[in-house]
Amino acid sequence: MNNLERQRALDDTPFDKLREECGVVAIHNHPDAARQVYLGLYALQHRGQESAGIASADYENLWNIKGMGLVAEIFTDDVLDKLPGSLSIGHTRYSTTGDSALLNAQPIRVESTKGLIAIAHNGNLVNLDSARARLESDGAIFQTTSDSEIIVQLIAHSKEATLIDAIADSLRQVEGAFSIVMMTRDRIFAARDPRGFRPLSMGRIYNDDGTETVVFASETCAFDLLRAVYERDVQPGELIMVSREGISSRQYASGVPQSSCIFEHVYFARPDSRIYGRWVQESREEMGRRLARESAVPADLVVPVPDSGVTAAIGYAAESNLPFRFGLIRNHYVGRTFIEPEQRVRDFGVKLKLNPVRNLLEGKRVILIDDSIIRGTTSRKIVRMVRGAGAKEVHLRISCPPTISPCFYGVDTPSKRELIAANQSVEEIRQYIEADSLAYLSLDGLLQACGENNDLRYCTACYTGNYPTQWVDVEDILPANATR
Ligand code: AMP
């Protein structure tokens, strides 16, 4: 692929291929495992709102229930009663729309030569088509179009004799981002890809009767609701097995440089979570502080775009000695505007979601803080809204660098064509969103705010276009008719 073709690939990569935001939870050894997973998923609802699923097992049988909608809508008490057993995994997903959505909801359950396996996966594989073709020529029949099923099929077709060896073998054959939890009738597995793109933590519940429950979750905020104690992260390239015999771990891959998703700290994870060993709140507040140092402007108020801009705005206000005010109020009963498929719905959605506090904004020079500009639609509406409420000046500050390239590793970003910063300069974006000034946090500022060091390396592909995996993988996710 030459440079022009690469560019075209990024421009044309279909939206559907990129949407894979998810949260996963697993529980080992709890009398009501599915209800614990339910609580964990409830805390991870922000990671995906379109479908959710829970699988459970009692050492003999394995049940699996999936549905469209929010976790609490799908898993009523009656439904949870149908998920007995002391082992359970769960998944919440923001996926593609349409008929395939429920089919591709997870956990995916597959009967294999190694027994019944259920899998829940957060992330995106990038060598999808080649692995799939290889498996199909080997006789595999796929039930779904989801990339997670590839992992299970690889396990089923592995020549390794034991299940744990087959899992390690299959994880070595896939490329991309995966934080996964898996279960059989009697065991729980958790693994992270060798680069550690997406988070996955391990915790423990110390039960009143002296027994211990092992928990895995995408974010530690899920542990709090379960009264689980955070123990450690699943390491990049690590595969953990939990059974009646105890916990065993192996490094199935090593020597690959870490590239954990920095956008988890910018936007995706909750500030009350600790991911990659670092509090999200701490990173976000520091982003705001650095943003204030890098691009100060005379003003009267610092106003966050709620909820995504709140923590950075607290840092910005503290650093610049300006008052922090909730000048925009969010209606929490509306879904995220970003994820509405139709542009028209999204445009309307901003007004449904946010409303200005006129008496705070009137006559004021306002610094608005948000986490990111993707297409620019939201920012433009918000700037207009704040000005319409009487603000004298509106200065927009963004707590990360311009988003110039799509994510192939599990964050929902549109194709390059739709990313405003991929196509326009900061000054052109400022004009489009009608702000008095616009500034982004520098890449260096962001990396420092997120504590990058020799033991913590980030993927910044959405800000740099430098993808940690091979370019050949991008070819794999090209639409069929694209020029190669
Ligand atoms: P846009 O109108 O496309 O510029 O949307 C920007 C808004 O979407 C910002 O306020 C972000 O908080 C939010 N946002 C950014 N990335 C994502 C994402 N991957 N999923 C959902 N919302 C996002």
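Starting afresh in each chain, residues are numbered from 1 along the sequence in its written order. A pLDDT threshold of at least 70 governs which residues receive local features in this predicted model, and a stricter bar of 80 or more applies before side-chain atom pairs are shown or counted, although totals over entire chains, interfaces and linings include all residues. With hydrogens and water stripped out, all remaining heavy atoms of the structure feed into the side-chain values.

**What to know about the overall build of the chain**
No. 1: Along the chain, the regular secondary structure elements total 21 helices and 23 strands.
No. 2: Contact between two residues is taken to exist if any of their heavy atoms lie within 4.5 Å; hydrogens are not considered. Long-range contacts, defined here as pairs at least 24 residues apart, represent 70% of the contacts in the chain between residues at least 6 apart. Secondary structure elements follow DSSP: runs of H or I of four or more residues count as helices, runs of E of two or more count as strands, with numbering from the N terminus.

**What about empty space enclosed by the protein?**
No. 1: Whether a set of points on the 1 Å grid over the protein atoms alone is a cavity depends on a 1.4 Å probe fitting there but being unable to get out, while an open set qualifies as a pocket with protein on both sides within 12 Å along at least five of seven lines; lining residues are those with an atom within 4 Å of a point. Grid points are joined across faces, edges and corners, and a volume is the space filled by probe spheres set on the points. Following the criterion strictly, the structure yields one cavity of 30 Å³ or more and no others.
No. 2: There is about 120 Å³ of room inside the largest cavity.
No. 3: The element best represented in the lining of the largest cavity is helix α20 (residues 461-464), accounting for three residues.
No. 4: Classifying every residue of the lining of the largest cavity by side-chain character gives twelve nonpolar, two polar and one charged. Amino acid classes used here: Ala, Val, Leu, Ile, Met, Phe, Trp, Tyr, Cys and Pro are nonpolar; Asp, Glu, Lys and Arg are charged; the rest, including Gly, are polar.

**Quick word on the site of the ligand**
No. 1: As a matter of local geometry, the ligand sits amid 17 residues, with Asp370, Asp371, Arg375, Gly376 and Thr378 nearest to it.
No. 2: Whenever a nitrogen or oxygen atom comes within 3.5 Å of another N or O atom, the pair is scored as a polar contact, on the condition that within protein one atom can donate a hydrogen and the other can accept it, and that pairs from neighbouring residues in sequence are kept only if both atoms are in side chains. Interatomic distance of 2.9 Å between a side-chain N/O atom of tyrosine 267 and a nitrogen atom of the ligand.
No. 3: Between serine 308 and the ligand, the recorded distance is 3.2 Å, taken from a side-chain N or O atom to an oxygen atom.
No. 4: Among the secondary structure elements, those contributing two or more residues to the shell around the ligand are α11 (263-268) and α16 (377-388).
No. 5: Of the residues belonging to the shell around the ligand, the class tally is six nonpolar, five polar and six charged. We call a residue near a given molecule or strand whenever any one of its heavy atoms falls within 4 Å of it.

**Some thoughts on the pattern of salt bridges**
No. 1: Every case where a carboxyl oxygen of Asp or Glu lies within 4 Å of a side-chain nitrogen of Lys or Arg is listed as a salt bridge. Under the definition given, this model contains 26 salt bridges.
No. 2: Here aspartate 272 and arginine 270 are joined by a salt bridge, their closest N and O atoms 2.7 Å apart.
No. 3: Exposure classes here rest on a 1.4 Å probe applied to the protein chains alone. A residue is buried below 20% of its type maximum, exposed above 50%, and partly exposed in between. Overall, the relative accessible area of 31% leaves aspartate 272 in the partly exposed class.
No. 4: Residue classification places arginine 270 among the partly exposed positions, given a relative accessible area of 30%.
No. 5: Among the ionic pairs, arginine 430 bridges to glutamate 427, the shortest N-O distance being 2.9 Å.

**A closer look at unusual backbone geometry**
No. 1: Here the amide bond leading from glutamine 106 into proline 107 is cis, since omega sits at 5°, within 30 degrees of zero.
No. 2: For proline 107, the location among the structural elements is in the loop between α6 (100-103) and β5 (108-112).
No. 3: Residue aspartate 307 is reached from proline 306 by a cis peptide bond, and omega for that bond is -5°.
No. 4: You can see aspartate 307 is positioned in the loop between β17 (301-304) and α13 (310-320).
No. 5: Despite not being glycine, tyrosine 276 has its phi angle at roughly 50°, a positive value.
No. 6: Relative to the elements of secondary structure, tyrosine 276 occurs in the loop between β15 (274-275) and β16 (278-279).

**What about the environment of asparagine 64?**
No. 1: With respect to the helices, strands and loops of the structure, asparagine 64 is situated in strand β3 (residues 62-68).
No. 2: In this structure the C-alpha to C-alpha distance between asparagine 64 and alanine 118, which are 54 residues apart in sequence, comes to 8.2 Å.
No. 3: Apart from residues no more than four positions distant in its own chain, asparagine 64 is found in contact with Ile54, Ala55, Leu83, Pro107, Ile108 and Arg109.
No. 4: Here proline 107 takes part through its backbone oxygen, which lies 2.9 Å from a polar atom of the side chain of asparagine 64.

**Observations regarding the sheet that holds strand β21 (residues 393-398)**
No. 1: Paired strands are those between which DSSP finds at least two bridges. In space, the four strands of this open sheet follow the order β17-β20-β21-β22, with parallel pairing throughout. Two strands in the sheet have a free side with no partner beyond their single neighbour: β17 and β22 (437-440). Direction aside, the axes of adjacent strands within the sheet are offset by 20° on average.
No. 2: The sheet contact formed by β17 and strand β20 (residues 365-370) spans four bridges and is parallel. Within the sheet, the bridge partner assigned to valine 302 lies in β20 and is isoleucine 367.
No. 3: Lying over the sheet, helix α18 (residues 426-433) contacts β21 and β22, oriented at roughly 130° with respect to β22. Geometry is summarised by axes, namely lines fitted to C-alpha atoms with helices restricted to the contacting stretch, and by angles between N-to-C directions that run from 0 to 180 degrees.

**Focus on the sheet that holds strand β13 (residues 246-251)**
No. 1: An order of β5-β6-β7-β8-β12-β13 is seen for the six strands of this open sheet, with the pairing classed as antiparallel. Each edge of the open sheet carries a strand with a single partner, namely β5 and β13. This sheet shows a mean twist of 20° between the axes of neighbouring strands, independent of strand direction.
No. 2: Bridging between strand β8 (residues 188-192) and strand β12 (residues 238-243) involves four bridges; their strand directions are antiparallel. From the neighbouring strand, alanine 190 faces β12, where its bridge partner is isoleucine 240.
No. 3: Strands β5, β6 (115-122) and β7 (179-183) of the sheet are contacted by helix α8 (residues 148-157), whose axis makes an angle of about 145° with β6.
No. 4: Across the face of the sheet, helix α9 (residues 163-173) comes into contact with β6, β7, β8, β12 and β13 while running at roughly 155° to β12.

**Details of the state of the cysteines**
Simply put, the disulfide is a covalent bond whose two ends are the sulfur atoms of two cysteines.
No. 1: Cysteine sulfur pairs qualify as disulfides if the two atoms are within 2.5 Å. Applying the stated rule across the entire model yields zero disulfides.
No. 2: In this model cysteine 459 remains outside any disulfide bridge; the closest cysteine sulfur is found in cysteine 261, 6.5 Å from its own.
No. 3: With no disulfide of its own, cysteine 462 lies closest to cysteine 261 among cysteine sulfurs, the gap being 6.5 Å.

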